[in-house]
Amino acid sequence: MTDFGQAAGVGERPAVVVVDLLRGFTDPACPLGAEMDDVVAATRTLLDAARAAAVPVIFTTVVYDEANERAATVFLRKVPALRVLRPGSQWIEVDPRLGRRDGEPVLAKAFASAFFGTPLAAMLAGHDTLVVCGATTSGCVRATVVDALQHNLAPIVPRECVGDRWQGAHDASLFDIEAKYGDVVAVDEVVAILAR
């Protein structure tokens, strides 16, 4: 099927979004958490390269205050464990191993895509490529990649920088992304792209 899986390509103005690498997702002690040490380490390597190249880095978190709870009633019925992501909770904090800097924004969201209900699209005006890292591959990462494509951004997914609670869902999502929505490549290749 040669009409699928072609390269989306890389433009001249990349940005990086780190989707939901929160303590609640990277700490197995949380009901939503899974072991993601390797994902966090690979993402830190990529972020250091992005920072050295002055490529913008944006983070997302998931927060259910009263307004977001009302907006996401069906989602919270489907995944009640999301209710631990309350304002002020340690679970909504970006994993500190990523070394987030003061100038790197954190966008709060209530749904899967980093674009839905956030100013991400406006923040990416003038950019043509979006490197998508984070968790989970089958949920928020995949939704963000699809929306990036729909905003005419070329999505790049460094395979070592995304993770999931379930290996089968992770593998199937990377296959699906590569076939239809973005380019799935090694983190070293993305680091080299950012250095250019």
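Residues numbered from 1 in each chain as written. Predicted model: local features only at pLDDT ≥ 70, side-chain atom pairs only at ≥ 80, totals over all residues. Heavy atoms only, no water.

Let us look at the overall build of the protein chain. Within the protein chain, the regular secondary structure consists of 8 helices and 7 strands. Since a compact globule built from 196 residues should have a radius of gyration of about 16 Å, the 16 Å found for the protein chain is in line with a globular shape. Projected onto its principal axes, the C-alpha positions of the protein chain cover 40 × 40 × 30 Å. Taking the intrachain contacts of the protein chain between residues at least 6 apart in sequence as the baseline, contacts between residues at least 24 apart amount to 77%. Counting only carbon and sulfur atoms, one obtains 54% of the accessible surface of the protein chain, whose full area is about 9200 Å². (Helix = DSSP H or I, 4+ residues; strand = E, 2+ residues; numbered from the N terminus. Rg over C-alpha atoms; globule rule 2.2 N^0.38 Å. Contact = heavy atoms within 4.5 Å. Areas by Shrake-Rupley, 256 points an atom, 1.4 Å probe, with all protein chains shown as cover.)

The next thing to look at is the state of the cysteines. Here the structure, examined in full by the defined rule, presents 0 disulfides. Summary of cysteine pairing: Cys30 is not part of a disulfide, and the nearest cysteine sulfur, belonging to Cys140, is at 13 Å. A residue is classified by how much of its surface remains accessible, and Cys30, at 2% relative accessible area, is buried. For Cys140, a relative accessible area of 12% gives the class buried. (Disulfide = S-S within 2.5 Å. Buried < 20%, exposed > 50% of the residue type's maximum accessible area, 1.4 Å probe, protein only.)

With an omega of -10°, the peptide bond running from Ala135 to Thr136 counts as cis. Summarising the element assignment, Thr136 is placed in the loop between strand 4 (129-135) and helix 6 (137-150). If you check the backbone angles, Asp20 has positive phi at about 60° while not being a glycine. Among the structural elements, Asp20 can be located in the loop between strand 1 (14-19) and helix 1 (23-26). A positive phi angle, near 65°, is found at Asn152, a position not held by glycine. Positionally, Asn152 belongs in the loop between helix 6 and strand 5 (154-158).

A word on the pairing of strand 5. Among the 5 residues in strand 5, 5 count as buried, and that is most of the element. Side chains of strand 5 alternate between two faces, with Ala154, Ile156 and Pro158 and Pro155 and Val157 buried alike. At this point the chain moves from strand 4, through helix 6, to the parallel strand 5, and the crossover so formed is right-handed. When strand 5 meets strand 7 (residues 183-185), the two strands line up parallel, connected through 3 bridges. Across the sheet, residue Val157 finds its bridge partner in strand 7, namely Val184. (Right-handed = clockwise from strand over helix to strand, strands pointing away. Pairing = 2+ DSSP bridges.)

Attention now goes to the packing of helix 6 against helix 7 (residues 167-180). In contact at an axis separation of 10 Å, helix 6 and helix 7 are set at 10° when each is read in the N-to-C sense. The pairing of helix 6 with helix 7 is recorded here as roughly parallel in orientation. Contacts between helix 6 and helix 7 involve Thr137, Ser138, Arg142, Val145 and Leu149 from the former and Ala169, His170, Ser173, Leu174, Asp176, Ile177 and Lys180 from the latter. The residue inventory of the contact of helix 6 with helix 7, partitioned by class, reads 5 nonpolar, 4 polar and 3 charged. (Axes fitted to C-alpha atoms, helices over the stretch in contact; angles between N-to-C directions. Parallel < 35°, antiparallel > 145°, perpendicular 65-115°, else oblique. Nonpolar A, V, L, I, M, F, W, Y, C, P; charged D, E, K, R; others polar.)

Here we come to the packing of aromatic side chains. For the structure shown, the criterion picks out 2 aromatic pairs. Measuring from ring centre to ring centre gives 6.2 Å for Phe75 and Phe111, while their planes differ by 10°; the resulting arrangement is stacked. Residue Phe75 is located in helix 4 (residues 73-78), and its partner Phe111 is located in the loop between strand 3 (106-109) and helix 5 (120-123); the two are separated by 36 residues in the primary sequence. We classify Phe111 as partly exposed; its relative accessible area is 26%. Taking 5.3 Å as the distance between ring centres and 85° as the angle between the ring planes, the aromatic pair formed by Phe111 and Phe116 counts as edge-to-face. Following the ring pairs from residue to residue traces out a cluster consisting of Phe75, Phe111 and Phe116. (Phe/Tyr/Trp six-rings, centres within 6.5 Å; stacked < 30°, edge-to-face > 60°.)

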